[in-house]
Amino acid sequence: MHSKSTILIVDDDEMAKASLREELEKDYIVLDAYNGIQALKILNDHEVAAIVLDLIMPEMDGIGFLEEFSKKQEYKKIPVIVATSNDDEVMEQKCLELGVWDFVMKPYKPVLLEFRIKNVIDKSRMIMAERDSVTKLYTKMKFYQSTRQMLLEQQGESFAFLRIDIDRFKMINNFYGVQEGDKVLIAIAKELRRISGTFEHFRYGRLDNDVFACCVPYKEENIELLVKALQIKLKQLNKDYNIKISCGVYVIDDYNMDISEMYDRAFMAAKNCKGQFIENIAYYDDSMIENMRQEQFIINDVNKALEEEQFVVFLQPKINLQTDKPYGAEALVRWKHPEKGMIAPSDFIPVYERNGIIGKLDQYMWRQVCKLLRRWIDEGLEPDPISVNVSRVNLYNPHLVEILKNLITEYQISASLLNLELTESAFMEDQDLIMSTMSKLHKLGFKIMMDDFGSGFSSLNILKDMELDYLKIDMKFLDSQGFNGRGEKVLTSVIRMAKWLQLPAIVEGVETLEQVDFLKCIGCEYAQGFYFAKPMPVFEYEKYIRRSRKQIAKEVDSVHADLVNELWDSGSNVSILFDSIALPMAAFEYRKGNVELLRSNATFDITFRGEQMLSGKEKEAKTEKERKILAYAFKQVLSDQTMELVVMEKCEKRYKLMINVLGNRKDTHIFIVTYIEK
Ligand code: C2E
Ligand code: MG
Ligand code: MG
């Protein structure tokens, strides 16, 4: 037979309570309180199935009570019926906001009220099933409630609250199927049940997907044994999984604290020290609250920071290892905080990722980069592609493709200039969705890179199914394998495989010459890292690129210098080529404003033969005039200014001059001028 449920009537009208009590006591245990304060006390000591609440009472009225009551997680399942004597809509709305389930009119009609009570209790039972269907453990509500009860009964004893979760549980579900995932959960539940037998007081439950919690008498060795036992159980289940659990511990020092708050503290501990401790046990300490405050500050400030453009783009060049020249860059965010100075992404990106705010920040960065590309194009800088990071949140944003498309349309830039870096772990989740998104992005012309390959559950298999354009591998991946030895072999085979898939690789985090040499040796195409350049502000990057392009020009020039020598040698290939060209061409030396004709080709000599016939004076004047035109044109070319069209009249025809630098030596420059008839 079912034991009777307990009803709590909170009303200061003793007569009304008495009449209700008479009717309800047939089916329920009836407790009553005179006001809100008394009611909260009763709730602390009893398990109550439903509450009937008057609004107007001395000391603490109905609303005051509801405000306190609604703060406690473990009370959420207790239905409250509010008694009103008039229909005050504002009051009613306030009550609903505070979680009230139903209303009755005063004076009470006991029979009617009893029906109402039965209804809400049935409903709450249905909603708050006590056992989880997969593991048959207590659900969150029930676990919280029963833990609260245990702590009340065992006052004076010391307890710890544990939050246990399985690292990478999602991966097990994805790779081996949900059934296999369920097996893991059931195994943990079974082990917890066994462990519970070894303690006199122990509460445990499954709170969420792969999250379990328990409350154990506090002793470090108890916790260590418990975690070890779970770990062993998982090993026995399947040796291949290599599943780890992590356990956050809050040693309870305030027994009046809400259970949900105890949970938060254990969670904080787990998050703070993931993977750092032996057996993955991490204890809560008060500094973590400080971190949480810090986190809160980071979240609170984000909108203002976005509005005021406090987030700035830093650029880290990527280097083409075949040419040792930069080819594009990655845009990395920095927070230029007005009071705190420069904040690194590691201090705020993880927080934003947890809160989904990263979506907004990413989009802000994409826009900044598009703006930048537009400016560079306008300034004639001919930019190489810049890659931006796309966080998981945006990958699952149904408007992602549209947002990116609108951006490149707005700024009128080619999609091939904005490369997208998607982090590896995002690829593991919903592969169908990712593949269809990627294919849409490809159709628009975007290039996609898989970022941080090797940092997570990399699966080489995935690479062949995904339409990727580049693979980014973090050098850190090597560290974990040991650079000398296994790590080298792993990287070599990854790069080889990427080549086989026609997927160029970019290795990032490159810090030493030794690493560069190794990467070149194994045929890696691109590198990025402090060895070449650190992430830098935009203006520095612009200088960097200008410098590196000048450098390229210089190198090209020194190649040309060799050509100049060949030009004098009439038997050389260059010379033969020069003479065989069907346009008039001449080589000039330009030094400190003076122009000297060095050599002309055969077509030149034939075309301008007429000028040779001029008289001495005429010829000199003509030559002097041409020198002036050429000197002006050469100066223009050297000062990097855009060339104006230079036109020259020769033998009564007009020629457009095409000017090329052939070589530079100190202040002497050699130009080749081609005369094209207009
Ligand atoms: P990531 O995308 O893998 O970027 C590479 C990180 O490696 C950058 O850190 C870069 O400064 C760092 N790095 C580059 N070369 C070296 C090196 O030689 N040695 C070492 N030790 N580190 C190197 P950063 O800028 O601190 O960014 C960290 C992570 O934050 C990025 O990793 C990325 O995941 C994220 N992030 C940065 N900016 C954004 C952004 O705008 N949006 C999103 N969603 N994430 C971003
Ligand atoms: Mg990246
Ligand atoms: Mg990376």
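Note that the coordinates shown come from a computational prediction; the quantities given were computed from them, not determined experimentally.

> Just checking my understanding: could you explain the coordination of the magnesium ion (ligand 3) for this structure?
Around a metal, the idealised angle for a tetrahedral arrangement of four donor atoms is 109.5 degrees; for an octahedral arrangement of six donor atoms it is 90 or 180 degrees. For the magnesium ion (ligand 3), the full set of protein donor atoms is D451 (OD), D452 (OD) and E508 (OE), and the range of their distances to it is 1.9 to 2.3 Å. Here the donor residues for the magnesium ion (ligand 3) map to a single chain with the spacing D-D-x55-E. Taken as an interatomic distance, the gap from the magnesium ion (ligand 3) to the magnesium ion (ligand 2) is 3.9 Å; D451 donates to each of them.

> What is the right way to read the coordination of the magnesium ion (ligand 2) from this model?
Within the protein, E330 (OE), N389 (OD1), E421 (OE) and D451 (OD) serve as the donor atoms for the magnesium ion (ligand 2), at 2.1 to 2.3 Å. Within one chain, the residues donating to the magnesium ion (ligand 2) are spaced in sequence as E-x58-N-x31-E-x29-D. A relative accessible area of 25% means that N389 is categorised as partly exposed. What makes D451 buried here is its relative accessible area of 6%.

> Would you take a moment to explain the domain arrangement of the chain for this structure?
Note on interface size: it is often stated as the accessible area lost on association of the parts. Taken domain by domain, the chain holds domain 1 (5–128), domain 2 (140–285), domain 3 (310–550) and domain 4 (572–677). One C-alpha centre belongs to domain 2, the other to domain 3, and the line joining them spans 38 Å. Contact with domain 2, which involves five residues of that partner, is made by four residues of domain 3. Contact between domain 2 and domain 3 buries roughly 610 Å² in total, counting both sides, with carbon and sulfur atoms accounting for 70%. When the buried area of domain 2 at its contact with domain 3 is split by residue, R168, M171 and F175 rank highest and sum to 62% of it. For the pair domain 2 and domain 3, the number of links is zero residue pairs in polar contact (both at pLDDT 80 or more). At three residues, the largest contribution of residues to the side of domain 2 that touches domain 3 is made by helix α7 (residues 169–176). Its residues assigned to classes, the side of domain 2 that touches domain 3 comprises two nonpolar, one polar and two charged.

> What should I look at first to understand the sheet that holds strand β8 (residues 211–217) in this one?
Picture the strands of a sheet paired through backbone hydrogen bonds; they go either parallel or antiparallel. Pairing is mixed in the open sheet, where five strands are placed in the order β7-β8-β6-β9-β10. Among the strands making up the open sheet, the edge pair consists of β7 (203–208) and β10 (281–283). Strand-to-strand twist of the sheet, defined as the mean angle between neighbouring strand axes without regard to direction, takes the value 20°. Bridge analysis of β7 against β8 gives five bridges, and the strand direction is antiparallel. Paired with R206 across the bridge in β8 is F212. Packed onto the sheet, helix α9 (residues 220–237) meets β6 (159–166), β8, β9 (245–251) and β10 and runs at close to 160° relative to β9.

> What is the right way to look at the packing of helix α11 (residues 287–300) against helix α13 (residues 345–355) in this model?
The description of two packed helices rests on the angle between their axes and on the distance between the axes. The interhelical angle for the contact between α11 and α13, taken along N-to-C directions, is 75°, at an axis separation of 10 Å. Viewed along their axes, α11 and α13 adopt a mutual orientation that is roughly perpendicular. In this structure, α11 uses E295, I298 and I299 to contact α13, whose residues at the interface are D347, F348, V351, Y352, R354 and N355. Among the residues making up the contact of α11 with α13, the classes are represented as five nonpolar, one polar and three charged.

What counts, and at which threshold
Residues numbered from 1 in each chain as written. Chains lettered and ligands numbered in written order. Predicted model: local features only at pLDDT ≥ 70, side-chain atom pairs only at ≥ 80, totals over all residues. Heavy atoms only, no water. Donors = N, O, S within 2.8 Å, 3.2 Å for Na, K, Ca; no water. Buried < 20%, exposed > 50% of the residue type's maximum accessible area, 1.4 Å probe, protein only. Domains from an automatic or database assignment. Contact = heavy atoms within 4.5 Å. Buried area = accessible area lost by both parts, 1.4 Å probe. Polar contact = N/O pair within 3.5 Å; in protein donor to acceptor, adjacent residues only side chain to side chain. Helix = DSSP H or I, 4+ residues; strand = E, 2+ residues; numbered from the N terminus. Nonpolar A, V, L, I, M, F, W, Y, C, P; charged D, E, K, R; others polar. Pairing = 2+ DSSP bridges. Axes fitted to C-alpha atoms, helices over the stretch in contact; angles between N-to-C directions. Parallel < 35°, antiparallel > 145°, perpendicular 65-115°, else oblique.

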